[in-house]
Amino acid sequence: MKILLVCGNGGHAEQMSRLIDQIGDNLNIKFLSIVEEGTKLKNTNKIFDKTIHVVPLRPKAYHNIFITIGRSFFSIFQCFAVTIYLIVKYKYRLMISTGPGIAIPIAIMCKLFRCRIIHIETWSRFYSKSWTGKYMYKLATDFWVQNKELLLIYPKAKFVGRL
């Protein structure tokens, strides 16, 4: 089985690292990750076939609106192109995301290619939707939450507990 992992910096990467460490070693799974620039998945004992770094969808470091918009459009295009290439070449049929925004264009392409999409809403949310969660709730095949309070906001979600 081949799994496409999508995550960003900070807590998103920490959650993904915990998830892949919980997946059994005896399973024959190949992981490929698409992550934001500068993201490192910490201390995981799993071997990745490849890690692809993409530009963040919502860059926080730029204060010039034109640079921000330009980088966002580039990020969307880059995510579309990378995802099409990976699905066509390597036949990925499952995407797991812990966010952030880069997951949205990747999920759109995965949905077009009929891949299963699992999104895990961030553990930092209890009473409000994340920006990514608002869109991934509509795109994802399975939407998992880590806090029971979110079931009121996302009625079709599945509570899976903390990673």
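Let me sum up the structure you'll find in this document. Every value quoted in this text rests on a predicted model; they were computed, and no experiment measured them.

The next thing to look at is the overall build of the protein chain. Along the protein chain, the regular secondary structure elements total 4 helices and 7 strands. What you see in the protein chain, going N to C, is helices and strands ordered as β-α-β-β-α-β-α-β-α-β-β. Evaluated residue by residue, the protein chain yields a buried proportion of 49% over its 163 residues. Contacts in the protein chain between residues at least 24 apart in sequence constitute 56% of all its contacts with a sequence separation of at least 6. Counting only carbon and sulfur atoms, one obtains 59% of the accessible surface of the protein chain, whose full area is about 8900 Å².

On the secondary structure map, Thr 83 appears in helix H2 (residues 65–90). Among the polar contacts listed, one links the side chain of Thr 83 to the backbone oxygen of Cys 79, at a separation of 2.6 Å. In contact with Thr 83, not counting residues within four places along its chain, are Ile 34, Ile 106, Met 109 and Cys 110.

Right, let's get into the pattern of salt bridges. Taken as a whole and assessed by the stated rule, the structure comprises 2 salt bridges. We note a salt bridge from Arg 18 to Glu 14, for which the minimum N-O separation is 2.9 Å. Here Glu 14 and Arg 18 lie together in helix H1 (residues 11–22), a separation of 4 residues that amounts to about one turn. Judged by its relative accessible area of 38%, Arg 18 falls in the partly exposed class. In this structure, the salt-bridge partner of Arg 116 is Asp 142, at a minimum N-O distance of 2.7 Å.

In this section: H1. Taking 1.5 Å of rise per residue, the 12 residues of H1 would be expected to cover 16 Å, and the 17 Å separating its terminal C-alpha atoms lies within 8% of that figure. Looking at H1, one finds that the buried residues are Ala 13, Gln 15, Met 16, Ser 17, Leu 19 and Ile 20.

Here the focus is the packing of helix H3 (residues 103–112) against helix H4 (residues 131–139). Interhelical geometry of H3 versus H4 gives an angle of 5 degrees and a closest axis separation of 10 Å. One element, H3, and the other, H4, form an angle in the roughly parallel class. Contacts between H3 and H4 involve Ala 103, Ile 104, Ala 107, Ile 108 and Lys 111 from the first element and Trp 131, Thr 132, Tyr 135, Met 136, Lys 138 and Leu 139 from the second. Looking at the contact of H3 with H4 residue by residue, the classes come out as 8 nonpolar, 1 polar and 2 charged.

Now for the environment of Leu 19. Residue placement: Leu 19 occurs in helix H1. With relative accessibility at 12%, the residue Leu 19 sits in the buried group. A C-alpha to C-alpha distance of 9.9 Å links Leu 19 and Ile 96, two positions 77 residues apart in sequence. Beyond its immediate chain neighbours, meaning those up to four positions away, Leu 19 contacts Ile 96, Ile 120 and Leu 163.

Among the nonpolar cores identified, the biggest contains 29 residues, and Leu 4, Ile 34, Leu 86, Met 95, Ile 106, Cys 110 and Met 136 are the most heavily contacted of them. Elements that contribute at least two residues to this core include exactly strand E1 (2–7), strand E2 (30–36), strand E3 (48–54), H2, H3, H4 and strand E6 (142–145). Examining the composition of this core, we find that 5 residues originate from one element, H3, more than from any other. Once residues lying within four places of it in the same chain are set aside, the contact partners of Met 95 are Leu 4, Val 6, Ala 103, Ile 106, Ala 107, Cys 110, Arg 116, Ile 117, Ile 118 and Met 136. By size, the runner-up hydrophobic cluster in this structure holds 18 residues, among which are Cys 7, Ala 13, Ile 29 and Ile 118.

Tallying each qualifying case throughout the model produces 7 aromatic pairs. Geometrically, the ring pair formed by Trp 131 and Tyr 135 is edge-to-face, given 5.6 Å between the ring centres and 65 degrees between the ring planes. Of this pair, Trp 131 and Tyr 135 both sit in helix H4, 4 residues apart, which is roughly one turn of the helix. Between Tyr 137 and Tyr 154, the aromatic rings sit 5.0 Å apart at their centres with planes inclined by 45 degrees, giving tilted as the arrangement. Pair noted here: Tyr 137 is in helix H4 and Tyr 154 is in the loop between E6 and strand E7 (158–159), with a separation of 17 residues, a long-range link. With a relative accessible area of 21%, Tyr 137 lands in the partly exposed category. Following the ring pairs from residue to residue traces out a cluster consisting of Tyr 85, Tyr 90 and Tyr 92.

Reading the values: the criteria
Residues numbered from 1 in each chain as written. Predicted model: local features only at pLDDT ≥ 70, side-chain atom pairs only at ≥ 80, totals over all residues. Heavy atoms only, no water. Helix = DSSP H or I, 4+ residues; strand = E, 2+ residues; numbered from the N terminus. Buried < 20%, exposed > 50% of the residue type's maximum accessible area, 1.4 Å probe, protein only. Contact = heavy atoms within 4.5 Å. Areas by Shrake-Rupley, 256 points an atom, 1.4 Å probe, with all protein chains shown as cover. Polar contact = N/O pair within 3.5 Å; in protein donor to acceptor, adjacent residues only side chain to side chain. Salt bridge = Lys/Arg side-chain N within 4 Å of Asp/Glu carboxyl O. Expected span 1.5 Å × (residues − 1). Axes fitted to C-alpha atoms, helices over the stretch in contact; angles between N-to-C directions. Parallel < 35°, antiparallel > 145°, perpendicular 65-115°, else oblique. Nonpolar A, V, L, I, M, F, W, Y, C, P; charged D, E, K, R; others polar. Core = buried A, V, L, I, M, F, W, Y, C linked by side-chain atoms within 4.5 Å. Phe/Tyr/Trp six-rings, centres within 6.5 Å; stacked < 30°, edge-to-face > 60°.

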